[in-house]
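Examining the three-dimensional arrangement
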Amino acid sequence: MRMIRTASLSMLVLAFVVTGLVYGLIVASLPAEDGEISLPGLVAKATVQSDALGVPSVTADSREDAYRTLGYLHARDRLFQMELMRRKSAGRLAELFGASALKVDRKQRTYQLTRTARNIVNDLPAAQRQVLQAYVDGVNAYIDQARILPPEFLVLRHQPEPWRAEDSILVILGMFQTLNGQEQDERMVSVMEHALPADLLTFLTPDTDSYATVLVGGSASRRFSQAIPVSSLAALPDVGAALAANSVDAENVVAGSNNWVVAGSKTADGRAIVANDMHLGLNVPNVWYRAELKYQDRHLFGVTLPGVPAVVVGANDDIAWGFTNVTADLLDLIRLEINPDNPNSYRTSQGWQVFDSHSETIHVKDAADVEISLRDTVWGPVSDQDLLGGPVAIKWTALERQAVDLGLMEMDGAQTIRQAMTVMNNTGSPPQNVVIADREGHIGWTYMGHFPNRVGFDGLASRSWADGGLGWHGFIPPTELPRLLDPAEGFIVTANNRTLGSDYPHVIAHNWALGYRAFRIAELLRERQNLTEQDLLTIQLDSRSAVLDFYQQLALAELRDLGNKEAELAEIEQVLQAWDGYMRTDSVGASFLNEFRKRLAEEVFAKVVAACKVHDPDFRYAWREMETPLRLLLTQRPKGMLSARYRDDWRQMLLETMRQTARELRRQYPQTQLAQLTWGQTHAMTLQHPFSKVASVFGDVLDMPTFASDGCASVCVKVMDSGHGASERLVLSPAHPENGIFHMPGGQSGHPFSPHYRDQQMLWQDGIAAPLQAAAKPHVLSVLPQ
């Protein structure tokens, strides 16, 4: 017995020792907000003052010293995030996570972003390279000086390589890929073009909707047919709706945002105000990092992207700006004509050309290396996935040498709307809508980034370029990008919607987002005067969804005319009548209507999906303006559209879809009656750390607690859905930054045991008006030359 007690005591002591060692490592890895550090290459002393949320304000003598210090801070607070971003773009995640990351790495190597990043660095203007190198040196100073690295590195037993200039470009290219680098739009349309008659393709891929809010180029769209091609629809083979399940994406969530700007004529005291909430994947830590930079006579503040030396969205003392994704068409899949006598060559206007081939090695943790072979063409890399049975090359603006740069840094000197527009028009980046406000109450809108200048085609579907008649002639000149300055209405709104009419001479995009968010924001702004920052935050949190009004009235109309309703349909009618028109946590009926709309889309487009799946088993109909053809079909109800089981009986289809919707919700939530089921009960938000996604045991420590949220995926202003939503909310007047409002999930730090890991979460989650700039900055870190 004594031996057992002695052994138990020894184990207890050992447990305490191990726990103490782990705790000691964790404490040692926490960054210091006070004291002194030294940075190699720093010319003069810099100071970092931090507020109670850990948001740093850097004061330095020069731009280079300011960004050198920012590099150190990014690494101090977000090094593991930066490590993942550079590795994701380069296709090197398997080195950390083993075979589970191999599929992602294979795909990423196809794009050859590492090679592109090196080319971009070499082509940067000297001044930008100098600042980039200072930033890189700051990142590496932290890596070299850190006694204990953040916990993720300890768990993985990984020592990060030195940060390189091309790694910063890889981070930008990763954001480019998130916003504008997907192949699925052109793949989808190419399959539809192959499988469907031309009139049906046009009908199913409009570029407008009933909520269109266009800024320049007239109101007319380029691609819209209100006439339903009845004969083409009726000719499609009859199928069951099961084929369309999970193959119609009625939500089609876009990596996008809301932004708007109001002029002094609309505000309480003549100030112009920018509002911006950028919608991205929601993770822990958050994608953005708040910072303030002061150097020489320059002052910048807002959000930065860890890994990149720039203030992405924010302000200087004269100008404030915000972004939304243009949803531009920046990628073409070029159909390759293979030489029948030599499969290693393809046709060009100059004759047969041999593929440029090379192999690469993917190192896999705890497994054998994997060798892959990559091929290049004169237009770009060959995709790893065939299209309609043949190979395609990828022509993408992000892979062009001049498509990305650090021109956004020049916003530190912009003092007028026109100067800011010129900076934005000439900056290489993922293309964005930019709204701008200045100190004098003026407002403007334009595009940032480079857009392909296509010749001979519009880029909607895949084509062969072998004859030389199709191609890109560089980019659209910056002077020809659209601009709008001080409109009479007193505000400008964009929300990934179509902003251009057909009178604008260039085709920028096809698959614009549904226009409702921009329509709703404009509706709220139009009816109000004397606007303040708080008013604009209230609009950012608006969860009205008039899109679902159509489906509520559609269903109620069928039920109203139905005599002797069965109990199930009577309950559904009660639920529909209870909906308040909003996607609030306490809204009854919102869950039913959201699911009903999705199921209707799957049923109505089932024959279209089936015809396309013959040519591509992975086909999904995910057109963002799907609402236009869907409403036309549900309103006009042509014959030959529905599957045989309904025999053109649209009422039967609608009633059966209501029943299916109710049964699915009961299956998922068996403890709650349909008439009591609220949006909050079905709309849980979870923000996860990368580790907990693969090992849930870490969730309690690493993740934000799950919560129910107002808002929805795409049909209301407050975009919030599982894993996607407002990555920040900013409301700011350059004339009065002290009244600025800011939210973001999580916190400044990526360290799970830092007090700044989750201290901004509740402000963001509950929509509490938090100040952009804190008056008190109690922490001081002196940064000394080494």
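The text that follows walks through the structure, step by step, so that each part is easy to find.

Reading the values: the criteria
Residues numbered from 1 in each chain as written. Predicted model: local features only at pLDDT ≥ 70, side-chain atom pairs only at ≥ 80, totals over all residues. Heavy atoms only, no water. Helix = DSSP H or I, 4+ residues; strand = E, 2+ residues; numbered from the N terminus. Rg over C-alpha atoms; globule rule 2.2 N^0.38 Å. Buried < 20%, exposed > 50% of the residue type's maximum accessible area, 1.4 Å probe, protein only. Contact = heavy atoms within 4.5 Å. Lys, Arg positive; Asp, Glu negative; His and termini not counted. Charge placed at Lys NZ, Arg CZ, Asp CG, Glu CD. Pairing = 2+ DSSP bridges. Axes fitted to C-alpha atoms, helices over the stretch in contact; angles between N-to-C directions. Disulfide = S-S within 2.5 Å. Parallel < 35°, antiparallel > 145°, perpendicular 65-115°, else oblique. Patch = residues over 30% accessible without salt bridge, like charges linked within 9 Å, V, L, I, M, F, W, Y side chains within 5 Å. Areas by Shrake-Rupley, 256 points an atom, 1.4 Å probe, with all protein chains shown as cover. Salt bridge = Lys/Arg side-chain N within 4 Å of Asp/Glu carboxyl O.

Scanning the protein from terminus to terminus reveals 24 helices and 28 strands. Here the C-alpha radius of gyration of the protein, 27 Å, is about what a compact globule of 786 residues would show, namely 28 Å. Its C-alpha atoms give the protein principal-axis dimensions of roughly 80 × 75 × 75 Å. A buried classification covers 60% of the 786 residues belonging to the protein. Put simply, of all contacts in the protein between residues at least 6 apart along the chain, 72% involve residues at least 24 apart. Between the mean site of the 71 positive side-chain charges and the mean site of the 91 negative ones, the protein shows a separation of 3 Å.

Burial analysis of helix α19 (residues 627–636) places eight of its 10 residues in the buried class, which makes it a mostly covered element. Where α19 is concerned, the buried positions are Glu627, Thr628, Pro629, Leu630, Arg631, Leu632, Leu633 and Leu634. Elements in contact with the buried residues of α19: α10 (198–204), α11 (230–234), α15 (549–560), α17 (590–604) and α20 (650–668).

Spatial strand order, β1-β28-β2-β3-β6-β7-β8-β9-β17-β18-β21: 11 strands in an open sheet with mixed pairing. At either end of the open sheet lies a strand with only one pairing partner, and these are β1 (35–39) and β21 (483–485). Taking each pair of neighbouring strands and ignoring which way they run, the sheet shows an average axis angle of 25°. Judged from the six bridges that link them, strand β17 (residues 432–438) and strand β18 (residues 443–448) form a sheet pairing that is antiparallel. Bridge pairing in β18 links Asn433 to Tyr447.

Attention now moves to the pairing of strand β12 (residues 342–348). Taken together, the two bridges between strand β11 (residues 338–339) and β12 define a ladder with antiparallel strand orientation. By the bridge assignment, Ile338 is partnered in β12 with Tyr346. As consecutive antiparallel partners, β11 and β12 are separated by two residues. Bridge analysis of β12 against strand β13 (residues 351–354) gives four bridges, and the strand direction is antiparallel. The residue bridging Thr348 from the neighbouring strand is Gly351, located in β13.

Here we come to the state of the cysteines. All told, the structure shown has one disulfide when counted by the stated rule. Cys712 shares a disulfide with Cys716; S-S distance 2.3 Å.

Looking now at the sheet that holds β13. Taken in spatial order, the three strands of this open sheet run β11-β12-β13, and their pairing is antiparallel. Each having just a single partner strand, β11 and β13 make up the two edges of the open sheet.

The next point concerns the packing of α15 against α20. At a closest axis distance of 10 Å, the pairing of α15 and α20 adopts a crossing angle of 110°. The orientation of α15 with respect to α20, classified from their angle, is roughly perpendicular. For the pair α15 and α20, contact is made by Leu554, Ala555, Glu558 and Leu559 and by Arg651, Leu654, Leu655 and Met658, respectively.

To continue, consider unusual backbone geometry. For the bond from Val284 to Pro285, the omega torsion is 0°, close enough to zero to count as cis. Structurally, Pro285 is set in the loop between β5 (273–281) and β6 (289–295). Even without being glycine, Asn530 reaches a positive phi, approximately 55°. Mapped onto the secondary structure, Asn530 falls in the loop between α13 (516–526) and α14 (533–540). Given a relative accessible area of 51%, Asn530 falls into the exposed group. For Asp648, which is not glycine, the phi dihedral falls at a positive 65°. Mapping Asp648 onto the fold places it in the loop between α19 and α20.

Our next topic: a nonpolar patch on the surface. Residues Val155, Val697 and Phe698 make up a contiguous nonpolar surface patch of roughly 280 Å² in combined accessible area. Its location among the elements puts Val155 in helix α7 (residues 151–156). Exposure remark for Val155: the relative accessible area of 48% places this residue in the partly exposed category.

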